[in-house]
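Structural overview for review
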Amino acid sequence: MSNTMEAVASAARADAPPAIMLDKVNKWYGAMHVLRDVSLNVALGERLVVCGPSGSGKSTLIRCINRLETHQEGSIKVDGIELSDDLRALDAIRREVGMVFQSFNLFPHLTILENCTLAPIWVRHMPKAEAEALAMQYLERVKIPEQAKKYPGQLSGGQQQRVAIARALCMKPKIMLFDEPTSALDPEMIKEVLEVMVSLAETGMTMVCVTHEMGFARQVADRVVFMDRGEIVEQGPPGEIFENPRTDRLKLFLSQILRGH
Amino acid sequence: MSQTSIDPRSLRAPPKRPIKLSWSDERVRGIFWQVVVVGIVVSMVWWLWSNTVHNLEVRRIATGFGFLGREAGLPIAESLIDYNPTNSYLRALMVGLLNTLKVAVVGIILATVFGTLIGIARLSKNWVLRTLSATYVEVIRDLPLLLQLLFWYAILQGLPGPRQALHPAEGVFLSNRGLKLPWIQWEGAHSLALVAFLLGLVATIMYRRQALAKQIADGVPRAVWPVALVCLVALPLAAWAALGAPFTPDIPALRGFNFQGGLTLSPEYFALLAGLVMYTAGFIAEIVRAGIQAVPNGQREAAQALGLRPGAVLRLVVLPQALRVIVPPMTSQYLNITKNSSLAVAIGYQDIVSIANTTLNQTGQAIEGIAIIMLVYLTISLSISGFMNWYNARIALVER
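Residues numbered from 1 in each chain as written. Chains lettered and ligands numbered in written order. Predicted model: local features only at pLDDT ≥ 70, side-chain atom pairs only at ≥ 80, totals over all residues. Heavy atoms only, no water.

Overview of the sheet that holds strand β2 (residues 172-175) of chain B
Residues and elements named next belong to chain B. The 4 strands are arranged β1-β2-β3-β8 in an open sheet whose pairing can be described as antiparallel. Unpaired on one side and paired on the other, β1 (166-169) and β8 (263-265) mark the two borders of the sheet. Between one strand axis and the next, the sheet turns by 20° as a mean value, whatever way the strands run. Note: β2 against strand β3 (residues 178-181), 3 bridges, orientation antiparallel. Looking at the pairing, Phe173 lines up with Lys180 of β3. (Pairing = 2+ DSSP bridges. Helix = DSSP H or I, 4+ residues; strand = E, 2+ residues; numbered from the N terminus. Axes fitted to C-alpha atoms, helices over the stretch in contact; angles between N-to-C directions.)

Here's the deal with the interface of chain B and chain A
In this assembly, 29 residues from chain B lie in contact with 32 residues from chain A. Buried area between chain B and chain A, summed over both chains or domains, comes out near 2700 Å², and the portion from carbon and sulfur atoms is 61%. Inspection of the chain B/chain A interface yields 2 salt bridges. Listing elements by their share of the side of chain B that touches chain A, those giving two or more residues are α5 (188-218), α8 (297-305) and α9 (310-340) of chain B. Broken down by element, the side of chain B that touches chain A gets its largest block of residues, 7 residues, from α8 of chain B. Tallied by class, residues from the side of chain B that touches chain A come to 15 nonpolar, 8 polar and 6 charged. (Contact = heavy atoms within 4.5 Å. Buried area = accessible area lost by both parts, 1.4 Å probe. Salt bridge = Lys/Arg side-chain N within 4 Å of Asp/Glu carboxyl O. Nonpolar A, V, L, I, M, F, W, Y, C, P; charged D, E, K, R; others polar.)

Re the confidence of the model for chain B
Parts of the model with low pLDDT should not have their predicted coordinates read in detail. Residue and element names in this part refer to chain B. With 96% of its residues at a pLDDT of 70 or more, chain B has an overall mean of 88. By mean pLDDT, the top-scoring element of chain B is α8 (95), and the lowest-scoring one is strand β7 (residues 258-260) (78). For this predicted complex, the interface confidence comes out at an ipTM of 0.88, alongside a pTM of 0.76. (pLDDT = per-residue confidence, 0-100.)

A closer look at unusual backbone geometry
All names here are of chain A. Within the chain, Asp37 stands out as a residue other than glycine whose phi angle is a positive 45°. Relative to the elements of secondary structure, Asp37 occurs in strand β2 (residues 32-42). We classify Asp37 as partly exposed; its relative accessible area is 48%. Positive phi, normally seen in glycine, also occurs at Lys143, with a value near 65°. Mapped onto the elements of the fold, Lys143 is located in the loop between α5 (128-141) and α6 (157-169). (Buried < 20%, exposed > 50% of the residue type's maximum accessible area, 1.4 Å probe, protein only.)

Notes on the packing of α8 of chain B against α9 of chain B
All names here are of chain B. For the pair α8 and α9, interaxial distance at closest approach is 10 Å and the crossing angle is 160°. Viewed along their axes, α8 and α9 adopt a mutual orientation that is roughly antiparallel. Crossing geometry of α8 relative to α9 is assigned as right-handed. Contact with α8, carried on its side by Gln299, Arg300, Ala303 and Gln304, involves Val313, Val317, Val318 and Gln321 of α9 and no other residues of that element. Each residue belonging to the contact of α8 with α9 can be placed in one class, and the counts come to 4 nonpolar, 3 polar and 1 charged. (Parallel < 35°, antiparallel > 145°, perpendicular 65-115°, else oblique. Left-handed = near helix turned anticlockwise from the far one by under 90°.)

Okay, structure coming up:
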């Protein structure tokens, strides 16, 4: 499965500059301070899991990385490009960063195949035949090539989320963002989506995942970041974070998560 | 869909349910009520028909459309075609039909543009714009259309006479005789240029569609504007120049008690158009707002996250979904504009209803007159819904 290019990329991980650099990022919704001095570097090829209670700012953080939300203070650099009001920088970043949403957000008026080829055709100016071949390749990778001619409404939630992952991969992004990709799914569907994410992680893709799936975090994450009330409280390798939480906030959060499962 | 294999059990035909002749059988009752309804409808039609025939015999009124060829002798203030009172009733009714179409077509276009802008303004982040448009929609929707038409007409009647006309720019006069604008003396070259423009418009649209289809196929973006420039500007200009580039300005001027020359917008036409457009725009604004809001924000975000620019997000993701919600109620609004234009009678604009009414008063051919009015509205309305249903089916096919 692992492709030579990607293997080279992950080998060069150590000396490459960080894929994402956040420096003292602050954000407010009205008077509410939702991100407080968040500083975080994500290395090329690193798999980062962000967790925390609801309202802790983890979704806002990940949405700031491809500027679906704008930060008001501090700096965010993605692939070496500073996020600002500059529209060309924005275009460049969005092309390199793929995103998967909690509610899938597939386009209901387009077939599965058209969902996947839309951006390659209109953003990358790829010929249709080539875009379709590429889309089929990724649909095979997420194990649903036979659904290509169907519409999103005809698929189960787990299948839709796998299509959403394939759709993002068709843009050949350097970085993938996952915003609670399994929170809207039934347990048996969570499994199939996580399997796809694990296999993606094995290819050396840089991934930032907001998720409460501890099993997934243990299996693939290089680092887990715990956020609460808009700030990063604790971070470290998954074993350390889950076995030896240092702060009371993380202990409380972990006990609640474990009770819920 | 096609690859599913046929289940052998599905080859068996469904069992037939025998009808039991009993009042408790659902299907017996269904048939009974259908027979009752058909009976009522047939007897009502028969009663209307026999009553009409009887009354016509009693009053010795001949039926038929022979009166259409007789001299109308009715004056019409504004007409798109040559007309004078010595022309036939048929021609007078043609003038009325064209006047109705003049209001309906221009009204539909303006109400769509105006209503769409207000609908978008209602969703604006700008507080002033949002509040103003919300107030507009609430006020306009809550007042009867007839009242609004009378209001606009009263305002236009309150304007000064021709001698004291408002004169904001050279050749522009606003008085109680209407709005006068400078125009040109229309010649064959202008008609040709107009035809060239319309053909150019069709050609541009076709070129754009082809360019997009080709871009999908090979990925190379193609500029449409050079073709648009040639087809929409150069071609009409060339057609006009080829026939000697005639240009004689026709500036309105006061002669005695009224204006001569120029282009006229009569107070009646203006009041009717303004009333219809502003009233219907209030409803269209709500339809457009609902259509845009029906597309979840996640759709926009997903498209942006894939790197699509704002224009492409609108064209490829938002509009295809919003139009599905917008088009069906929009059809009703277009039909409303057309039918509401018959309120023209109230302010003296001579549309088809006004002229057919005068015709039936003068000739006594009430049934034929009403039949003509009904036929006209039915034809226009069916054309509009036919076109809109076709358009709706075209955009709806995209969705499963």
